[in-house]
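Breakdown of the fold
Each chain, written out:
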Amino acid sequence: MIQATGITKSFGPVQVLRGIDFSAADREVISIVGASGAGKSTLLQILGSLSRPDTGKVLIDGTDIFSLSADALADFRNRKIGFVFQFHHLLPEFTALENVMIPALIARTPVHEARKKAEELLGTLGLGHRISHKPSELSGGEQQRVAIARAVINNPSVIFADEPSGNLDSHTKKDIHQLFFDLRDKFGQTVIIVTHDRSLAAMSDRMLEMKDGLFCN
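Attention here is on the structure that accompanies the text.

Rules behind the numbers
Residues numbered from 1 in each chain as written. Predicted model: local features only at pLDDT ≥ 70, side-chain atom pairs only at ≥ 80, totals over all residues. Heavy atoms only, no water. 1 Å grid on protein atoms, 1.4 Å probe; cavity = no way out; pocket = protein on both sides within 12 Å on 5 of 7 lines; lining within 4 Å. Points joined across faces, edges and corners; volume = space filled by probe spheres on them. Helix = DSSP H or I, 4+ residues; strand = E, 2+ residues; numbered from the N terminus. Pairing = 2+ DSSP bridges. Contact = heavy atoms within 4.5 Å. Axes fitted to C-alpha atoms, helices over the stretch in contact; angles between N-to-C directions. Buried < 20%, exposed > 50% of the residue type's maximum accessible area, 1.4 Å probe, protein only. Expected span 1.5 Å × (residues − 1). Arc of directions from axis to C-beta.

**Re empty space enclosed by the protein**
Counted according to the given criterion, the structure contains 1 cavity of 30 Å³ or more. When its volume is computed, the largest cavity comes out at roughly 40 Å³. Taken together, Ser41, Leu44, Gln45, Leu50, Phe83, Phe85 and Asp162 form the lining of the largest cavity. At the level of secondary structure, the elements contributing two or more residues to the lining of the largest cavity comprise helix 1 (40-47) and strand 6 (81-85). The element best represented in the lining of the largest cavity is helix 1, accounting for 3 residues.

What follows is the structure, encoded as C-alpha cells:
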C-alpha cells in the first residue's frame, strides 16, 4: 500500500531524515516510535503528502504522489488519505456531524449521502447522541472520536495518526488505541501511527523505532 525510498529532508543546515526506506502492506497497522527530534512527525507528513522530501519517492496504492500536480495531489489526498492529529483541529463553529461531513462534501458527495454516512460513523464510534454538539461541548476523547470519524468518512486507503492520544487520560487513551484496530478490521485501512506511547505501539502489527533520522536496525 505504501512504498517510500530514499527519503531525505533538511531544514536549513539540520538534516532531519537521512535516507529512509519504508513500506506498509494493505491493512497493516504500524507504529513509529522514537525520541523527540528523531524525525517521526516529519516522515509522517511526507508519507501523507503534507510535506515534500528533498529527495526520494513515495508511492501510495501505486501512485507516485509527488509526481502529481497540486490539484491532483489535493484530490488524491482527500480520497485516499485520512489524518488524525494530537490536536484534533475540529472547526469550532460546526457541530460534530458537520465536521465529519466536510471531507465528503469536498469530494462532491451529495449532502444527504454525506449526512447519512457521518451519522452512521458517529453512531459506530458511540457518539450518535452527540452529533448536534459543537467541539466546545465535547470531552477530549469525544473530540478525538469526531476527528477519527472525519478521517475515515471517504473510506481512505491509509490513515496517518500523529500522537493521536497524546492529550488524553489513560482510560480514554486505551479506548482510542483500540479504535484504530477496530476501524482497520471494519474498513480495511492501512494505519501508520507516530507515538511516544509504547503501550499503543506494542498493539501494532509492527513497531519501528527512529533515531537521528533513520530507522534503528
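Read on, since the account is not over.
**Focus on the sheet that holds strand 10 (residues 214-215)**
In spatial order, the strands read 6-7-8-3-9-10; together these 6 strands make up an open sheet with mixed pairing. Strands at the two margins of the open sheet, each flanked by one partner only, are strand 6 and strand 10. Bridging between strand 3 (residues 29-33) and strand 8 (residues 190-194) involves 4 bridges; their strand directions are parallel. For Ile30, the partnering residue across the bridge sits in strand 8 and is Ile192. Sheet contacts for helix 1: strand 3, strand 7 (158-162), strand 8, strand 9 (206-211) and strand 10; angle to strand 7, the most-contacted strand, approximately 155°.

**Remarks on the environment of Ile102**
On the secondary structure map, Ile102 appears in helix 3 (residues 96-106). When its relative accessible area of 26% is taken as the criterion, Ile102 is described as partly exposed. Each C-alpha atom of the pair Ile102 and Gly48 lies 19 Å from the other, and the pair is 54 residues apart in sequence. In this view, Ile102 contacts Leu91 and Phe94; residues no more than four positions away in its chain are not counted.

**Notes on the layout of surface pockets**
Where empty space is left can be seen by rolling a probe of water-molecule size over the atoms. Taken as a whole, the largest pocket encloses approximately 410 Å³ of empty space. In terms of lining residues, the largest pocket is bounded by 20 residues, among which Asn78, Ile81, Phe83, Pro103 and Arg150 are the most central. At the level of elements, helix 2 (70-80), strand 6, helix 3 and helix 5 (140-152) are the ones that each hand at least two residues to the lining of the largest pocket.

**A few points about helix 4 (residues 111-124)**
It helps to recall that an α-helix has 3.6 residues per turn; residues three or four apart then point in one direction. With 14 residues, helix 4 should cover 20 Å at 1.5 Å per step; its first-to-last C-alpha distance of 20 Å lies within 8% of that length. Within the sequence span of helix 4, burial applies to Ala114, Ala118, Leu121 and Leu122. For helix 4, the angular spread of buried residues about the axis comes to 95°, placing them on one side. What points out from helix 4, more than 90 degrees from its buried face, is the exposed set His112 and Lys116. Backbone geometry just downstream of helix 4 places Gly126 in the positive-phi region, at approximately 80°.

**So, the sheet that holds strand 5 (residues 63-64)**
Reading across the sheet, the 4 strands line up as 2-1-4-5 and stay open at both edges, with antiparallel pairing between neighbours. Looking at the sheet topology across the chains shown, the edges are occupied by strand 2 (14-24) and strand 5. Sheet topology places strand 1 (residues 2-11) next to strand 2; 8 bridges connect them, and they run antiparallel. For Ala4, the partnering residue across the bridge sits in strand 2 and is Phe22.

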